[in-house]
Every structure is written in C-alpha cells, then in structure tokens.
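Okay, here's what each chain looks like letter by letter:
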Amino acid sequence: MNLQQLRYVVATAEHRTMTDAARSLYIAQPALSRAIRDLERELGMTLFARSGRGVVVTAQGRRVVKLAREALDAVHEIEGLASHTASPDAELRIAATPSLEPGLAGRLLPAYTADHPGVRIHIVRCDGRDAVVSAIRDHRADLGLTDLPVPADLITHPLERQEIVLISPPGLKLPNPVPMGRLDGMRLALPARGSVRRRELDAMFGKYAVKPVVVLETDERNGWLSAVRSGQASLLWYRGMAEQASRAGLVVRSLDPAVRRVIAIVHARRRLPLIAQDFLSTAERGTAA
C-alpha cells in the first residue's frame, strides 16, 4: 500500500460516495473505484460495501482507515519538521474564503512573515466554509480561516467576532444602523437555496419575522456585488468586505440588533507541522493584543 492508496481510502471513508471522493481527489470516479478494488484484492479484504448510492466502511475497513489516517498524519508531520528545520522553500497552505482573505493578508500574514521570512505562504482560495473544510480534510491546506460552526472532526481556534452588515447601492434612504424589520420586503442578493449560509440567513429572517424579496440566488460573490452595483439588490455580508464595497461606491450599514459571527482558524485533529503551529501562535498572540 502506497501513500496515494492511503489517501484514496481516507477520502472515500470521509465522503461516503465514490463520486464525491473522486472529486475531492481530482481524479475520475471510475479510476478511484478501480483503485479501491485493486487495493481490496491486494489486501484480501473488503474495505467498502455499497449502500444505496454511497458506500459504507466495513469492520475491517474501519481499522484500515484508522491506520491510514495515522500514517498520513505521520508523513505530514515529518514533512513539516523537515521544512521547518532544513528547507528554504517551506510552504504553509492556508485555506480562506474571499471575504476573510483581506484580513488574513492585511494582518496575520505580515506578522507571521516578519518572524518567518523563509516560509512561503500559499492561500488556497475557497468559495465558502464547506470548501475550507474540504481543503483541510483533503490535505490541500494545513490551516483554514473561516466562520463557525464547522464539523466536529476539526479543531477550532476562535480569533474574533466579525459583524454582518448591509451593503446597498447608493440612494437608498435607510438609517444606520438598519433596524432588522426594515429587511422585510427589501430586495436582496442571497446565497443559493439549500447552502449552509442560506440556511443561516433564512433562520435569521425567521427569527425577526422578515421576508425579503430575493432578487438573486447564487454562491458567486462577484454576482452578489454586481447585483448591488447595478442597483438591483442589497447584500448581507461581513464587514471585511466593507472596504471593497466602499471603493465600488456602495453604502455599508450595520444592523440593529447587531449580528456577528465567530471567525476561527481550523485544522484537522492531528499534530500540525511546526510552521503551522508557529502561525497559530502568531494569530493567537495578535488576538490577545
């Protein structure tokens, strides 16, 4: 069994469908299914059993998955130790959403690189919280910066509470802050129906008994801002986008009562590479200051 096969086993166990596991590994689904079958023949045991449209891990498979995770964690720790002590090309991979990336680049990275000039930072750009979680689980990122909550298999280190604001085209006659009741009947661009963020916003609307007019439903952030710039709708998003919105001539207002989300650094339940540990320490020092 090689490292690639270990990754295949872990990804399949985490995603529970061959299609989703193959997508996370950036390979074709038939190739993944064939690789798993070949591995089962090599080991002389059945790792996964079909169940409806997905797969379930067998009793033997659970033991193999556990050992595979431990082996991959050990490899990543060795790589992290080597890059921390020897390589001038050490790379730290951080997954972040577009709305949180400016804060990462503006505050956390300068503080870290000042003390670790030899470490290259690679930002893994993710469309949203779910994509950050996938990047961590698939070992495409060492750390993630996202809002909470995240699944319980990840460890979280809260950094700050960031305000959700209303971003509107100029000309709307609204107070600042905007009473939550004023969202009733307001034209809004919202995340796609069924997404995690949409469910959270719908829960907020229900809590305050407001029914906005949904003009646009998409997870494309450029689509949101385009709708606001064209005067079609307003947008609810983090204050971290305020500077970008203001440069575009849009108006940013707080909500009343204020709504905030916890922003955190997240990572898998394994020992982090030393360069990632150092980044986490830098971020937590900055929060304490």
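Note that the coordinates shown come from a computational prediction; the quantities given were computed from them, not determined experimentally. (Residues numbered from 1 in each chain as written. Predicted model: local features only at pLDDT ≥ 70, side-chain atom pairs only at ≥ 80, totals over all residues. Heavy atoms only, no water.)

Some thoughts on the overall build of the protein
Then, number 1: If you tally the helices and strands in the protein, you get ten helices and 13 strands.
Then, number 2: Here the protein, with 289 residues, has 47% of them falling under the buried criterion.
Then, number 3: When contacts within the protein are restricted to residue pairs at least 6 apart in sequence, those whose partners lie at least 24 apart make up 72%.
Then, number 4: Total accessible area on the protein stands at roughly 14,300 Å², and carbon and sulfur atoms take up 52% of it. (Helix = DSSP H or I, 4+ residues; strand = E, 2+ residues; numbered from the N terminus. Buried < 20%, exposed > 50% of the residue type's maximum accessible area, 1.4 Å probe, protein only. Contact = heavy atoms within 4.5 Å. Areas by Shrake-Rupley, 256 points an atom, 1.4 Å probe, with all protein chains shown as cover.)

As for helix 7 (residues 196-207)
Then, number 1: The terminal C-alpha atoms of helix 7 lie 17 Å apart, and with twelve residues this matches the ideal 16 Å at 1.5 Å per residue to within 8%.
Then, number 2: At the exit of helix 7 stands A209, carrying a positive phi of roughly 55°. (Expected span 1.5 Å × (residues − 1).)

Section: the UniProt feature "domain: HTH lysR-type" (unreviewed entry) in the protein
Then, number 1: The positions that UniProt labels "domain: HTH lysR-type" (unreviewed entry) are, in the present scheme, residues 1-58.
Then, number 2: As annotated, residues 1-58 comprises 62% helix and 14% strand, and the C-alpha atoms at either end are separated by 18 Å. (UniProt positions renumbered as here; feature names shortened; annotations may be inferred.)

Describing the side chain of T146
Then, number 1: By the secondary structure assignment, T146 is in strand 5 (residues 143-147).
Then, number 2: Using a relative accessible area of 0% as the deciding quantity, one classes T146 as buried.
Then, number 3: For T146, the side chain forms a polar contact with the side chain of D147, separated by 3.2 Å.
Then, number 4: Once you skip the residues sitting within four places of it in the chain, T146 turns out to touch T97, L100, R129, V132, V262, I263, A264 and V266. (Polar contact = N/O pair within 3.5 Å; in protein donor to acceptor, adjacent residues only side chain to side chain.)

A short note on helix 5 (residues 101-115)
Then, number 1: Look at helix 5: 20 Å from first C-alpha to last across 15 residues, which is about the 21 Å you get at 1.5 Å a residue.
Then, number 2: Approximately 40° is the largest bend angle found in helix 5, and it occurs at L109, with the proline P110 only one to four residues beyond.
Then, number 3: Those residues of helix 5 lying buried are E101, L104, L108, L109 and Y112. (Bend = angle between axes of the 7 residues up to and from the residue.)

As for the nonpolar core
Then, number 1: L166, I167, L183, M204, F205, L236 and L255 are the most contacted members of the largest nonpolar core, which totals 32 residues.
Then, number 2: Among the secondary structure elements, those contributing two or more residues to this core are strand 6 (154-168), strand 8 (187-190), helix 7, helix 8 (221-229), strand 10 (234-238) and helix 9 (242-247).
Then, number 3: The residues touching L166, leaving out its near neighbours within four places in the chain, are L174, V178, L183, M186, L188, S234, L235, L236, V251, V252, R253 and L255.
Then, number 4: Grouped together as the second largest cluster of nonpolar side chains are 22 residues, A96, L104, I123 and L159 included. (Core = buried A, V, L, I, M, F, W, Y, C linked by side-chain atoms within 4.5 Å.)

Remarks on the domain arrangement of the protein
When the parts of a complex come together, some accessible area is lost, and that lost area is often taken as the interface size.
Then, number 1: Entries for the protein in the domain assignment read domain 1 (1-61) and domain 2 (161-260).
Then, number 2: Here the C-alpha centroids of domain 1 and domain 2 sit 41 Å apart. (Domains from an automatic or database assignment.)

Examining the environment of V65
Then, number 1: Assignment of secondary structure puts V65 in helix 4 (residues 59-85).
Then, number 2: The spatial distance from the C-alpha of V65 to the C-alpha of R7 is 9.5 Å, given a sequence separation of 58 residues.
Then, number 3: Apart from the residues within four sequence positions on either side, V65 is in contact with V9, V10, A13 and V57.

Digging into the side chain of D142
Then, number 1: Looking at the element boundaries, D142 is found in the loop between helix 6 (129-137) and strand 5.
Then, number 2: Among the residues examined, D142 registers a relative accessible area of 6% and is labelled buried.
Then, number 3: Every residue in contact with D142, bar those within four places of it in the chain, is listed here: E91, L92, R93, I136, H267, R270, L272, P273 and A276.

Examining unusual backbone geometry
Then, number 1: With an omega of 10°, the peptide bond between L148 and P149 qualifies as cis.
Then, number 2: Its place among the elements puts P149 in the loop between strand 5 and strand 6.
Then, number 3: Between N176 and P177 the backbone carries a cis peptide bond, its omega angle lying at 10°.
Then, number 4: Looking at where P177 falls in the secondary structure, it is placed in the loop between strand 6 and strand 7 (178-179).
Then, number 5: Although it is not a glycine, R16 adopts a positive phi angle of roughly 70°.
Then, number 6: The topology assignment puts R16 in the loop between helix 1 (3-15) and helix 2 (18-25).
Then, number 7: Classification of R16 as partly exposed rests on a relative accessible area of 47%.
Then, number 8: Despite not being glycine, H139 shows a phi value in the positive range, around 65°.

Focus: the packing of aromatic side chains
Then, number 1: All chains considered together, the criterion is met by three aromatic pairs.
Then, number 2: In textbook terms, an aromatic cluster arises when at least three aromatic residues are bridged by ring pairs, as seen for W224, W237 and Y238. (Phe/Tyr/Trp six-rings, centres within 6.5 Å; stacked < 30°, edge-to-face > 60°.)

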